[in-house]
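Read off the chains here:
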Amino acid sequence: MIIAIDGPAAAGKGTLATRLAARLGLPYLDTGLLYRAIGRTMADAGADLDDPEAAGLFARALRPEHLSGDLRGRESGELASRVAVHPPVREALVAFQRDFAARPEGAVLDGRDIGTVICPDADVKLFVTASAEVRARRRTDELAAKGRAVDYERILAEVRERDERDSSRAAAPLKPAPDAVLLDTSALGIDEAFEAAVRIVETAARR
Ligand code: CDP
Ligand code: CDP
């Protein structure tokens, strides 16, 4: 079974994907990490992130060792969304993601274009959303729990900016696949969101 999970930043994709993968015994690929690693490697090298050809070179040179280290922070997310607009970057990552999804047992993948571009034939497509305010609150709480003082309004502005860039780009924009099931987690806790996702997967599996 292939499960595709897409949606905007901090909607809860990673949390749901991790839990679904554990429940179903499937491997999980966080595709955002690939874009984060490319953005981070380019920034460290002093390369121009807005140059599509340069970004394509870095994407083709991506190796597993680039995926270690701290890539989950806000700055890496911002760098990721800048390199993710370039078609040469996206093209360089397609084969790796499709190979991962083609494992015999299946896989869970999360990102922005899994249901639309990478795995259009996925058995289950979940489009996870929540209001920008709720998502910014979650990110703020997450950072506060790590002892980092952050301004909610600033996080909200970053969330909106990333949503806008991801949704408005020409190459594989963030949008639900026509056959995706929408899951709005604005008013749901993690356990409730997970139970809703399990029901969606079970319904799809019965088809
Ligand atoms: O992967 P994505 O950026 O979509 O989100 P995440 O990292 O899974 O979740 C962002 C934060 O929201 C985490 O701190 C979660 O614990 C929290 N959260 C959630 O994921 N789902 C809810 N229904 C409520 C909170
Ligand atoms: O966890 P969060 O949703 O904040 O970010 P992420 O999933 O790690 O993705 C970081 C950025 O990479 C996104 O804002 C997108 O611009 C890009 N991305 C993408 O274009 N396509 C994907 N399949 C995954 C991520």
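The sections below set out a description of the structure shown in this document. Note that the coordinates shown come from a computational prediction; the quantities given were computed from them, not determined experimentally. Per chain, the residues get numbers from 1 upward, laid out in the order the sequence is written. Both sets of labels track the order of writing: A upward for chains, 1 upward for ligands. Note on the predicted model: pLDDT of at least 70 is required for a residue's local features to be given, and 80 or more for side-chain atom pairs to be given and counted; whole-chain, interface and lining totals, by contrast, use all residues. Water and hydrogen atoms play no part in the side-chain values, which are based on all heavy atoms of the structure.

### Considerations on the site of ligand 1
The following threshold applies: The near set for a molecule or strand comprises every residue that places at least one heavy atom within 4 Å of it. Here a polar contact is taken to be a pair of N or O atoms separated by no more than 3.5 Å, where protein atoms must pair a possible hydrogen donor with a possible acceptor and residues adjacent in sequence count only if both atoms sit in side chains. For every accessible area listed, the method is Shrake-Rupley and the probe measures 1.4 Å; residues are considered covered only by the protein chains on display. Buried and open spaces are told apart on a 1 Å grid over the protein atoms alone, a cavity being a set of points where a 1.4 Å probe fits but cannot get out and a pocket being an open set with protein on both sides within 12 Å along at least five of seven lines. Residues with an atom within 4 Å of a point are the lining residues. Assignment to a cavity or pocket requires that more than half of a molecule's atoms be within 2 Å of the site's grid points.
If you check the shell around ligand 1, you find 15 residues, and the closest are Lys 13, Gly 14, Thr 15, Glu 142 and Leu 188. The contact in question runs from an oxygen atom of ligand 1 to an N or O atom on the backbone of Gly 12, over 3.0 Å. At a separation of 2.8 Å, an oxygen atom of ligand 1 approaches a polar backbone atom of Gly 14. Within the complex, 79% of the 540 Å² of free accessible area of ligand 1 lies under protein. Spatially, ligand 1 is embedded in the largest pocket.

### Remarks on the pattern of salt bridges
How we decide: By definition here, a salt bridge exists when the distance from a side-chain nitrogen of Lys or Arg to a carboxyl oxygen of Asp or Glu is within 4 Å. Starting at the N terminus, helices and strands are each numbered in turn, a helix being any DSSP run of H or I of at least four residues and a strand any DSSP run of E of at least two. When accessible area is computed with a 1.4 Å probe and restricted to protein chains, residues below 20% of their type maximum are described as buried, those above 50% as exposed, and intermediate ones as partly exposed.
Applying the stated rule across the entire model yields 18 salt bridges. A salt bridge links Asp 191 to Arg 19; its shortest N-O distance comes to 3.0 Å. Taken together, the residues Asp 191 in helix α9 (residues 190-206) and Arg 19 in helix α1 (residues 13-24) connect sequence positions 172 residues apart. A relative accessible area of 31% means that Arg 19 is categorised as partly exposed. One salt bridge in this structure joins Lys 125 and Asp 179, with 3.0 Å as the shortest N-O distance. Of this pair, Lys 125 sits in strand β4 (residues 124-129) while Asp 179 is found in the loop between α8 (152-168) and β5 (181-184), placing the two residues 54 residues apart along the sequence. With relative accessibility at 48%, the residue Asp 179 sits in the partly exposed group.

### Concerning the environment of Glu 195
Checked against the element boundaries, Glu 195 lands in helix α9. On the accessibility criterion, Glu 195 (36% relative accessible area) is partly exposed. Linking Glu 195 and Gly 7, residues 188 residues apart in sequence, is a C-alpha distance of 18 Å.

### Points about unusual backbone geometry
The backbone of Ala 10 sits at a positive phi, close to 65°, despite the residue not being glycine. Residue position: Ala 10 is located in the loop between β1 (2-6) and α1. Exposure remark for Ala 10: the relative accessible area of 11% places this residue in the buried category. In the Ramachandran plot, Ala 172 falls in the positive-phi region, its phi being about 45° despite a non-glycine side chain.

### Notes on the site of ligand 2
Short version of the rule: Gly counts as polar in this scheme, as do all residues outside two lists: the nonpolar Ala, Val, Leu, Ile, Met, Phe, Trp, Tyr, Cys and Pro, and the charged Asp, Glu, Lys and Arg.
Around ligand 2 lies a shell of 18 residues, among which Lys 13, Arg 36, Arg 139, Arg 162 and Asp 166 are the nearest. The side chain of Asp 113 places a nitrogen or oxygen atom 2.9 Å from a nitrogen atom of ligand 2. Isolated, ligand 2 exposes 530 Å² of accessible area, and the fraction of that covered by the protein chains is 94%. In a pocket analysis with a 2 Å cut-off to the grid points, ligand 2 is assigned to the largest pocket. Mapped onto the shell around ligand 2, the elements with two or more residues apiece are α2 (32-45), α4 (74-83) and α8. Counting residues per element, the shell around ligand 2 draws most heavily on α2, at three residues. Residue composition of the shell around ligand 2, by class: five nonpolar, four polar and nine charged.

### Here we look at the layout of surface pockets
Empty space among the atoms can be located by rolling a probe the size of a water molecule over them. We apply this condition: Grid points are joined across faces, edges and corners, and a volume is the space filled by probe spheres set on the points.
Within this model, the largest pocket holds a volume of roughly 1,300 Å³. Lining the largest pocket are 49 residues, with Ala 9, Ala 10, Lys 13, Arg 36 and Arg 139 positioned closest to its centre. Put simply, the parts of the chain that give the lining of the largest pocket at least two residues each are α1, β2 (28-30), α2, α4, β3 (107-111), α7 (132-145), α8 and α9.

### Let's talk about the sheet that holds β3
Heads up, the condition is: Being paired, for any two strands, means DSSP has found at least two bridges between them. The convention used is that axes are lines fitted to C-alpha atoms, helices contributing only their stretch in contact, and that angles between N-to-C directions extend from 0 to 180 degrees. In what follows, a contact means two residues having at least one pair of non-hydrogen atoms within 4.5 Å.
With parallel pairing, five strands are arranged side by side in an open sheet as β2-β3-β1-β4-β5. Strands at the two margins of the open sheet, each flanked by one partner only, are β2 and β5. With direction set aside, neighbouring strand axes in the sheet form an average angle of 20°. Examined bridge by bridge, β2 and β3 share three bridges and lie parallel to one another. Within β3, the residue paired with Asp 30 across the bridge is Asp 110. Where α9 meets the sheet, it contacts β1, β4 and β5, and its direction lies at approximately 155° from that of β4.

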